[in-house]
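Inside the fold
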Amino acid sequence: MRIKKRVALLITMLFVFSIAAGCGGGATQTGGKAGDAINVGINVELSGGVASYGTNARDGAMLAIEEINKAGGVLGKKINPIERDCKSVADEAMSVSAALMGEKIVAQIGPLTSGDVAGSTPVMMENKVPLIAPAATAANVTVDDKTGKTRDYIFRVCFIDPFQGTLMAQFASDNLQAKKAVIYCDNSSDYGKGLAEYFEKTFTANGGTILAKEGFVKDDRDFRAALTKIKGLNPDFIYVPGYYQEVAPLIKQARELGITVPMGGCDGWDSPDMVSVAGNDALNNTFFTNHYSSQDKDPQVVKFVEAFKAKYNKEPDAFAALGYDSVQIMVQALKEAGTADPVKLTEALAKIKDFAGITGKMSIDDQHNPVKAGVILEFKDGKQVMNTRIQP
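Before going into details, it helps to say that this report is about the structure given with it. (Residues numbered from 1 in each chain as written. Predicted model: local features only at pLDDT ≥ 70, side-chain atom pairs only at ≥ 80, totals over all residues. Heavy atoms only, no water.)

1. Re the pairing of strand 2 (residues 78-85)
In terms of strand pairing, strand 1 (residues 37-44) meets strand 2 through eight bridges, oriented parallel. Residue pairing in the sheet places Ile 38 in a bridge with Ile 79 of strand 2. In the classification by handedness, the crossover that spans strand 1, the intervening helix 2 (residues 51-70) and the parallel strand 2 is right-handed. (Pairing = 2+ DSSP bridges. Helix = DSSP H or I, 4+ residues; strand = E, 2+ residues; numbered from the N terminus. Right-handed = clockwise from strand over helix to strand, strands pointing away.)

This is the structure we're talking about:
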């Protein structure tokens, strides 16, 4: 969509919001009178290309809210989640955020991807309501590229792409002893291109050589031509930063072509569809950076995993844990602010130190990013196994 069209859409949404606000706002999802609860928007991808991410993050967030409300709520009030589907589309994320303003939310959890968060950002900034992004890893989510200024109302609980790309390069060099790598990345997303850039910088700085850089785009399903070329280069590691929809068939085809070398990726790999599409055997000897491991024996993680399984009858992935942490860090900030005022909440979020999350202990820095550890997960016979944890 052209910029002028997007700006026009934003103006229309804000106009609609102003009318709704003048009429006293809309009813919340659970009903109730104004002041009875703290309204929190859940604006996530429940359908579309990354529905797996959004659905799991929503589930984690709702578990956290359920636990908090059972324990008496926060500031003497229950949390009232108002859930909406942004459909994995940036413009829809913008429209949803604008609509949520009419519900008098104090904060918004989500969306998940960096592009969808960018869609919501103008609305959140204009209305001075904080957005907590569970998994938007692009560096410019919280910082304006042009001015270098931190976006006042945008926060996240995930690590950022420079850290993630560097982490995998370090692991490939140190743990896998890789010397010659090929980068085969998603060229249709800033996410894939950014990770490729940071991986290359670190890998070459460590003495490694990038033999070639290949690219695919969203919705590609046939990777055999590029993979055949890559096989002929005889690399000892292949870095594939992208989302699971393309990565799963890519890995399957690589193994079918006889490519047996280790392959590495990013948190975009974290989906049950990786196993169902690629297959157990194909995923052996593959690794990816992630935010936590459900196999972590930390008592807090064990408790979370048990509660999540009991409620949803499935294993919580990193997006579920990040959704849970997004709500919990918001609650800590509400307690420290002593009020449900969005501006005061924003100020408290910016001062969070040593928050003990499911995805690790974190403190929010001056660019609204968490300072925290990352993990390397390995696929073994279709199961995700924690390989190592790396501190920043």
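Further notes follow.
2. Some points on the sheet that holds strand 11 (residues 355-357)
Spatially, 11-12-13 is the arrangement adopted by the three strands of the open sheet, whose pairing is antiparallel. What marks the edges here is a single partner per strand, and that holds for strand 11 and strand 13 (370-371). Across the sheet, helix 12 (residues 318-337) lies against strand 11 and strand 12 (360-364), angled at about 155 degrees from strand 11, the strand it touches most. (Contact = heavy atoms within 4.5 Å. Axes fitted to C-alpha atoms, helices over the stretch in contact; angles between N-to-C directions.)

3. Considering helix 2
For helix 2, with 20 residues, the first-to-last C-alpha span of 28 Å sits near the 28 Å given by 1.5 Å per residue. Of all 20 residues that make up helix 2, 15 are buried, and the element is covered over most of its length. Just downstream of helix 2, Gly 72 is the residue with a positive phi angle, here 110 degrees. (Expected span 1.5 Å × (residues − 1). Buried < 20%, exposed > 50% of the residue type's maximum accessible area, 1.4 Å probe, protein only.)

4. So, the sheet that holds strand 6 (residues 180-186)
The strand order 7-6-8-9-10-14-15 describes an open sheet built from seven strands, whose pairing is mixed. Two strands bound the open sheet, and with one partner strand each, they are strand 7 (209-216) and strand 15 (383-390). Adjacent strand axes in the sheet meet at a mean angle of 25 degrees, parallel and antiparallel pairs treated alike. Bridging between strand 14 (residues 374-380) and strand 15 involves seven bridges; their strand directions are antiparallel.

5. Let's talk about the packing of helix 5 (residues 161-174) against helix 6 (residues 190-205)
Helix packing geometry: the angle between the two helix axes and the distance between the axes. As a packed pair, helix 5 and helix 6 sit with axes 7 Å apart at the nearest point and diverge in direction by 45 degrees. The angle between the axes of helix 5 and helix 6 places the two elements in the oblique class. The handedness of the crossing between helix 5 and helix 6 comes out as right-handed. For the pair helix 5 and helix 6, the contacting residues are Asp 161, Pro 162, Gln 164, Gly 165, Thr 166, Met 168, Ala 169, Gln 170, Ala 172 and Ser 173 in the first and Tyr 191, Leu 195, Tyr 198, Phe 199, Thr 202 and Phe 203 in the second. (Parallel < 35°, antiparallel > 145°, perpendicular 65-115°, else oblique. Left-handed = near helix turned anticlockwise from the far one by under 90°.)

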